[in-house]
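Understanding the architecture of this molecule
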Amino acid sequence: MSEKISIDEVLHVAALSRLRLTPTEAEVFARQLSVVISHMADIESLDLSLDDEERYSYVDERALRDDDTKDSMKRESILRGAPLVEEYMFRVPPILGEGV
Amino acid sequence: MEVNPLDLDAYSLSGAVLSKEISVSEVVRSVIAQVELREPSISAFLHFDPEALLEKASVLDEKVLRGETVGRLVGVPVAVKDNMVTSDMPTTAASKILEGWRPPYDATVVELIKDAGGLVVGKTNLDEFAMGSSTENSAYKVTRNPHDLSKVPGGSSGGSAAAVAARMSILALGSDTGGSIRQPASLCGVVGVKPTYGYVSRYGLIAFASSLDQIGPIARTVKDAALLLEVIGERDPKDSTSILGERPKLVEREAFGVESLRIGIVSELVDNCSTEVRDRVFMAARLLEERGAKVDTVSAKAVTLGLSAYYVIAPAEASSNLSRYDGVRFGLRKDGSSLTDMFFSTRTEGFGDEVKRRIMLGTYALSSGYYDQYYGKALATRGLIRRQFNEVYKDFDLLLGPTSPTTAFAIGEKSNDPMAMYMNDICTIPSNLAGHPAVSIPFGLADNGLPIGVQLLGPDMSEPLLFQAAFELERLAKENLEDARA
């Protein structure tokens, strides 16, 4: 059976998702994802389009609340969950000079 | 008091606490004893701290003694699925990427339970980030079905359903994105409710697929599920999708009956299940008819497209929601030579296979060239399903069908076949796509001794009618079938 998604495509999608895969994992995922994507053929072939009312059906008056000033969470309590902190900042590896 | 508090329903238990017939500390000691007895073989909890529970109990006992106002859940144990944040307990979503994380706040539902005097007894196991139908995808442990330890409890809220079924808690919270409350409730022989989208606040629920996720109750009885939903069903300004206005009363629906209710059996849903499950749905229909309901079969062809639409939309939203796990602000960090390298190392090591599969599937469906082919089509299909349901609801008040196509399957049976696993959600997914509420009610045991659940579905905000019919089905099960409780 020809795969719906190739190993190269899986590796590309993994890279976009910031995931590393071993060659064996890429092969297994390509096989499994192909089965799932094949199942989607039933909607792929539908002659359907979405009208704007449906596209935005979840954007309504619920999204709005009064613009009041309130206390935010304490900075310390948020930083407490971080893997690496320096003073009041999240510490990360260098960004400049990345050869990606 | 002679009886074990865990044999009582939530209503009677809070009443007994209020009238000082039983103390909250006694309740907690019963919970601890039951957890010591059942948890080693079931593995429902990811976090359970007896000492902390006893402390909380004595604080509540003092309040009751002083005559302070306590809420409707006073002294009632509530187990919380570990994808809802708790400031006094770790929250992992059953993922290594959040191991040891202590959230800085409580989810709105947790706050509401505490305000009502409820006792959050612990955090329950789930499929990692709620992605799964068996609770085998947890990074920490596999939960077992209290009815048969070789079987799965369903998922993703398998820990919550198993904890209630095994009487380690009286109530529990689950979350339902494609059936994750109803399917485990069905497989464990308890009641599970997925409310209308926006009925319960999602603030503090770790997001999987935000347009589908909804928190709801798991309980041993319909009345207890109604009580818990009355407590957690509140408008929340912190959730932009929270429905405006008051929620209706539900417990009072106990005595309403089903006289003249128009109930449709969705043929496409019963077509997809085992003979035994199908027979039980028709039996439920016949019994409801005897009680005065008007039952007929109805076709809703679009529901057969639900699975495909769901497995595009949910992974697409998950791929975006889970991009926040990058090793910077919380949870696991695996070092790398650069920032990007750290992202790769952290996510590769922190996520399990099913989560990786769904992130990649979502990224693929959203990538250029495939967006219209998959994501656009899936959204349009979702619209079609909702429209078709709403057409059907012009002729019917509620719909009836199976919750799960089969009874609980063996641990390991489907874990290497994602598509076979996804098929478990075929009867539950349509309600999530439509945003509609649905309830799973235990309806006796199959020949293999495992519970069968039947599902009632309704249109937006039909919770009062759903509960009305659920109460009747519960009475009918009690009168006609073997007790499905473990």
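In this report, we go over the structure that sits alongside the text.

Thresholds applied
- Residues numbered from 1 in each chain as written.
- Chains lettered and ligands numbered in written order.
- Predicted model: local features only at pLDDT ≥ 70, side-chain atom pairs only at ≥ 80, totals over all residues.
- Heavy atoms only, no water.
- Phe/Tyr/Trp six-rings, centres within 6.5 Å; stacked < 30°, edge-to-face > 60°.
- Helix = DSSP H or I, 4+ residues; strand = E, 2+ residues; numbered from the N terminus.
- Buried < 20%, exposed > 50% of the residue type's maximum accessible area, 1.4 Å probe, protein only.
- Lys NZ or Arg CZ within 6 Å of the ring centre and 35° of its normal.
- Core = buried A, V, L, I, M, F, W, Y, C linked by side-chain atoms within 4.5 Å.
- Domains from an automatic or database assignment.
- Contact = heavy atoms within 4.5 Å.
- Buried area = accessible area lost by both parts, 1.4 Å probe.
- Salt bridge = Lys/Arg side-chain N within 4 Å of Asp/Glu carboxyl O.
- Polar contact = N/O pair within 3.5 Å; in protein donor to acceptor, adjacent residues only side chain to side chain.
- Nonpolar A, V, L, I, M, F, W, Y, C, P; charged D, E, K, R; others polar.

Observations concerning the packing of aromatic side chains
Residues and elements named next belong to chain B.
- Within the structure shown, the criterion is met by 15 aromatic pairs over all chains.
- With centroids separated by 6.5 Å and ring planes inclined at 50°, the aromatic side chains of Phe 467 and Phe 471 adopt a geometry described as tilted. Here the residue Phe 467 and the residue Phe 471 both occupy positions in helix H16 (residues 463-480), the gap between them amounting to 4 residues, near one helical turn. An identical accessibility class is assigned to Phe 467 and Phe 471; each is buried.
- Taken together, the ring pairs connect Trp 101, Phe 129, Tyr 325, Phe 330 and Phe 351 into an aromatic cluster.
- Note that Arg 247 overlies the ring of Tyr 199, its terminal NZ or CZ placed 5.6 Å from the centroid.

Details of the nonpolar core
All names here are of chain B.
- Ranked by internal contacts, the top residues of the largest apolar core, which has 177 residues, are Phe 129, Ile 232, Leu 400 and Leu 473.
- Element by element, the count of residues in this core is highest for helix H10 (residues 306-321), at 9 residues.
- Each of domain 1 (5-307 + 375-480) and domain 2 (308-374) accounts for three or more of the residues forming this core.
- Setting aside residues up to four positions removed in sequence, Leu 400 forms contacts with Ile 263, Gly 264, Ile 265, Val 266, Val 281, Ala 284, Ala 285, Leu 288, Gln 455, Leu 456 and Leu 473.

Things to note about the interface of chain A and chain B
- Every contact between the two is made by 50 residues of chain A and, on the other side, 67 residues of chain B.
- When the two sides are added together, the surface that chain A and chain B hide from each other amounts to roughly 5,100 Å², 67% of it contributed by carbon and sulfur.
- Between the two partners, chain A and chain B, sit 1 salt bridge.
- Measuring nitrogen to oxygen at the nearest pair gives 2.5 Å for the salt bridge that ties Asp 341 of chain B to Arg 20 of chain A.
- Summed over the shared surface of chain A and chain B, the number is 10 residue pairs in polar contact (both at pLDDT 80 or more).
- In terms of residue count, the dominant contributor to the side of chain A that touches chain B is helix H2 (residues 23-39) of chain A (7 residues).
- For the side of chain A that touches chain B, a count of residues per class yields 32 nonpolar, 6 polar and 12 charged.

Worth remembering: the numbers are spatial, not functional.
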